[in-house]
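Structural overview
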Amino acid sequence: MDNASKDSLNCSPTSAELHIPFPSADLATVAYNSLRVDKEPKRSTTTKVLSLEANILKVSFTSGDTRQLRTAVNSFLDLLILVSKAIDEFAPLDFKI
């Protein structure tokens, strides 16, 4: 695994941190505002924290169970793909990139 891959995904048995770059801070804000409303289920021991730094969306997951952690990360990535496709489809061409 190259250094860029290691920098974008840091994992331990009970936590994961993702750094997702976007072409602009505006697009990162659109994704952040779309994804932050989706809370983890109450029955889950997993917590998710989203933050923004310029054009980087940062997501931290912590969990007491690796299976729940994997499920939470996979679900988030599915939603991220959906948001990215919506941005590609509906963002105006002159949107700040």
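Above this note sits the structure.
Here is a short report on the structure shown in this document. No experiment lies behind these values; they were computed from the predicted model shown. (Residues numbered from 1 in each chain as written. Predicted model: local features only at pLDDT ≥ 70, side-chain atom pairs only at ≥ 80, totals over all residues. Heavy atoms only, no water.)

As for unusual backbone geometry
We count it as follows: Numbering of helices and strands runs from the N terminus, with a helix taken as a DSSP run of H or I at least four residues long and a strand as a DSSP run of E at least two residues long.
Of note, Ala54 is a non-glycine position whose phi angle comes to about 55 degrees, a positive value. Counting through the fold element by element, Ala54 comes out in the loop between β3 (47–53) and β4 (56–62).

Some remarks on the side chain of Lys58
Rule in force here: For the purposes of these results, a polar contact is taken to be a pair of N or O atoms within 3.5 Å, where, inside protein, one atom must be able to donate a hydrogen and its partner to accept one; residues adjacent in sequence count only when each atom of the pair is a side-chain atom. Should any heavy atoms of two residues lie within 4.5 Å, those residues are considered in contact.
Position of Lys58 relative to the elements: it lies in strand β4. A polar contact is formed between the side chain of Lys58 and the side chain of Glu53, at a distance of 3.0 Å. Once residues within four sequence positions are removed from consideration, Lys58 is found in contact with Leu18, His19, Val49, Leu50, Ser51 and Glu53.

As for the packing of aromatic side chains
Aromatic ring pairs are described here by two measures, namely the spacing of the ring centres and the angle between the planes. Defined as follows: The rule is short: rings of Phe, Tyr and Trp, with Trp giving its six-membered ring, pair when the centres are within 6.5 Å, and they are stacked under 30 degrees, edge-to-face over 60, tilted in between.
Across all of its chains, the model carries one aromatic pair by this definition. When the ring of Phe61 is compared with that of Phe76, the centres are 5.8 Å apart and the planes differ by 70 degrees; the resulting orientation is edge-to-face. With Phe61 in strand β4 and Phe76 in helix α3 (residues 66–90), this residue pair connects regions lying 15 residues apart in the sequence.

Some thoughts on the pairing of strand β2 (residues 15–21)
Going by this rule: Summary of the burial criterion: residues with accessible area below 20% of their type's maximum are buried, those above 50% are exposed, and those between are partly exposed, where the area comes from a 1.4 Å probe applied to protein chains only. DSSP-based pairing: two strands are paired if at least 2 bridges between them are found.
Burial along β2 is one-sided: Ala16, Leu18 and Ile20 are buried, and none of Ser15, Glu17, His19 and Pro21, which face the opposite way, are. Two elements, β2 and β4, share seven bridges in a ladder whose sense is antiparallel. Each residue of the ladder has a partner; that of His19, found in β4, is Lys58.

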